[in-house]
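Residue-level structural notes
What follows is the residue order along each chain.
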Amino acid sequence: MNILGIDIGGTGIKGAPVNVETGELVAERLRIPTPQPALPNAVADVVDAIAKHFDYSGPAGVTFPAIIKKGVVYSATNVHESWIATDAGALFGSHLGGPVTVVNDADAAGIAEMRFGSGRGRGGVVILLTFGTGIGSAIFYDGRLLPNSEFGHLKIRGKDAEKRASEKIREKQNLEWNEWADRVSEFLAELEKLFSPDLFIIGGGVSKKAEKFLPFLTSRTEVLVEPAQMRNEAGIIGAACISARLPGMDLPEI
Ligand code: BGC
């Protein structure tokens, strides 16, 4: 079964039809720069353009970098504040001509990682963290997602973790890899205290530079990095899988 997956980010909106049984994109991914300002209607037009490009109509999965409950946006840290209380599911659905499932970006990436990536077959507590503009998180227990975990907003030294340790902050503050890794290690230690995870998976933009920071990370818990082939696609794949609600996915109501 092929389903359209779309990943909405701060700088780019990416989409492709996905074979949800194998996790493979069935056509080359299309990326369109995120309109600025990223107002709901402007973003919905891009979602529509992606569906048109693939001549697609039908159910779709769409990621969004915020708290999402039943398609409605509840937070706006790195997105325009006019998204708050927007029913993104209904907005995109009116363009796509099929039911649209909207899901937090890191939750979607986590679903893809658990099904096809580093988390495959892993039970216990698994935490995926994406380091990009912000820090996204997804937490699983025996493969089942607890949605909207938002660990990037845990306070570390009085500040949101993502304001100290995102990839954007590393670049902006020109941090050395060891300095940045120390901040990430502190964040991981906090998560260890709270959740005693069995595995951390690191994804997002920074994961392609794993060899630069992994040697400096200190963690009691096993740390894996998102596999290269999933890097730009985990959100797209996860969103499509969530929309498909495949048997055995044991998903909560999103
Ligand atoms: C948002 C999350 C999102 C993360 C990564 C955070 O600022 O609050 O919802 O998953 O950024 O995009």
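Residues numbered from 1 in each chain as written. Predicted model: local features only at pLDDT ≥ 70, side-chain atom pairs only at ≥ 80, totals over all residues. Heavy atoms only, no water.

A volume near 1,000 Å³ is recorded for the largest pocket. What lines the largest pocket is a set of 41 residues, and nearest its centre among them are Gly 9, Asp 105, Thr 130, Gly 132 and Thr 133. Only β1 (2-8), β2 (12-19), α3 (105-116), β9 (125-131), β10 (135-141) and α8 (234-244) provide two or more residues apiece to the lining of the largest pocket. If you tally residues by element for the lining of the largest pocket, the top one is α3, at 4 residues. Considered class by class, the residues forming the lining of the largest pocket number 8 nonpolar, 21 polar and 12 charged. Built from parts of two domains, the lining of the largest pocket gets at least three residues from each of domain 1 (2-105) and domain 2 (118-229). (1 Å grid on protein atoms, 1.4 Å probe; cavity = no way out; pocket = protein on both sides within 12 Å on 5 of 7 lines; lining within 4 Å. Points joined across faces, edges and corners; volume = space filled by probe spheres on them. Helix = DSSP H or I, 4+ residues; strand = E, 2+ residues; numbered from the N terminus. Nonpolar A, V, L, I, M, F, W, Y, C, P; charged D, E, K, R; others polar. Domains from an automatic or database assignment.)

This part covers the pattern of salt bridges. All told, the structure shown has 11 salt bridges when counted by the stated rule. A salt bridge links Glu 222 to Arg 122; the nearest nitrogen and oxygen atoms lie 2.8 Å apart. Placement of Glu 222 in strand β15 (residues 222-225) and of Arg 122 in the loop between α3 and β9 is noted, with a sequence separation of 100 residues between them. Assessed through its relative accessible area of 37%, Glu 222 is described here as partly exposed. Take Arg 122: its relative accessible area is 27%, and that puts it in the partly exposed class. Salt-bridge contacts for Lys 209 lead to Glu 167; the nearest nitrogen and oxygen are separated by 3.0 Å. Taken as a pair, Lys 209 in the loop between β14 (199-203) and α7 (210-213) and Glu 167 in helix α5 (residues 167-172) lie far apart in primary sequence, 42 residues in all. By relative accessible area, which is 6% here, Glu 167 ends up buried. Each of Glu 167, Arg 170, Glu 171 and Lys 209 takes part in a single network of salt bridges with overlapping partners. (Salt bridge = Lys/Arg side-chain N within 4 Å of Asp/Glu carboxyl O. Buried < 20%, exposed > 50% of the residue type's maximum accessible area, 1.4 Å probe, protein only.)

Our focus in this paragraph is helix α2 (residues 88-96). If you check which residues of α2 are buried, you get Ala 88, Gly 89, Leu 91, Phe 92, Gly 93 and Leu 96. Taken together, the buried residues of α2 touch β1, α1 (40-53), β5 (60-64), β7 (72-73) and β8 (100-104). The distance from a side-chain oxygen at the start of α2 to the backbone nitrogen of Gly 89 is 3.2 Å, and the residue carrying that oxygen is Asp 87. Positive phi appears at Gly 97, one or two residues downstream of α2, with a value of about 75 degrees. (Contact = heavy atoms within 4.5 Å. Polar contact = N/O pair within 3.5 Å; in protein donor to acceptor, adjacent residues only side chain to side chain.)

Another point: the domain arrangement of the chain. In terms of domain boundaries, the chain breaks down into domain 1 (2-105) and domain 2 (118-229). With centres defined by C-alpha atoms, the gap from domain 1 to domain 2 works out at 24 Å. There are 0 salt bridges connecting domain 1 and domain 2. Among the residues making up the side of domain 1 that touches domain 2, the classes are represented as 3 nonpolar, 3 polar and 1 charged.

So, on to the packing of α1 against α2. As a packed pair, α1 and α2 sit with axes 9 Å apart at the nearest point and diverge in direction by 40 degrees. Taken together, the axes of α1 and α2 lie oblique to each other. Note on packing geometry: the crossing formed by α1 with α2 is right-handed. On the side of α1, the interface is formed by Pro 40, Asn 41, Val 43, Ala 44, Asp 45, Val 47, Asp 48 and Ala 51, while α2 contributes Leu 91, Phe 92, His 95 and Leu 96. Of the residues contributing to the contact of α1 with α2, the split by class is 8 nonpolar, 2 polar and 2 charged. (Axes fitted to C-alpha atoms, helices over the stretch in contact; angles between N-to-C directions. Parallel < 35°, antiparallel > 145°, perpendicular 65-115°, else oblique. Left-handed = near helix turned anticlockwise from the far one by under 90°.)

For the rest of this paragraph, the subject is the packing of aromatic side chains. Following the criterion strictly, the structure yields 7 aromatic pairs and no others. Summarising the aromatic geometry, the rings of Phe 64 and Trp 83 are spaced 4.4 Å apart at their centres and angled 45 degrees between planes, so their arrangement reads as tilted. Linking Phe 64 in strand β5 with Trp 83 in the loop between β7 and α2, this pair joins segments that are 19 residues apart in sequence. Considering the side-chain rings of Phe 151 and Phe 195, the 4.9 Å spacing of their centres and the 35 degrees angle between planes classify their relative orientation as tilted. Here Phe 151 is found in the loop between β11 (144-146) and β12 (155-156), whereas its partner Phe 195 is found in helix α6 (residues 177-195), with 44 residues between them in sequence. For Phe 151, a relative accessible area of 7% gives the class buried. Connected via pairs of aromatic rings, a cluster forms that spans Phe 131, Trp 177, Trp 180 and Phe 213. Positioned above the aromatic ring of Trp 177 is the side chain of Arg 170, whose terminal nitrogen or guanidinium carbon lies 3.8 Å from the ring centre. (Phe/Tyr/Trp six-rings, centres within 6.5 Å; stacked < 30°, edge-to-face > 60°. Lys NZ or Arg CZ within 6 Å of the ring centre and 35° of its normal.)

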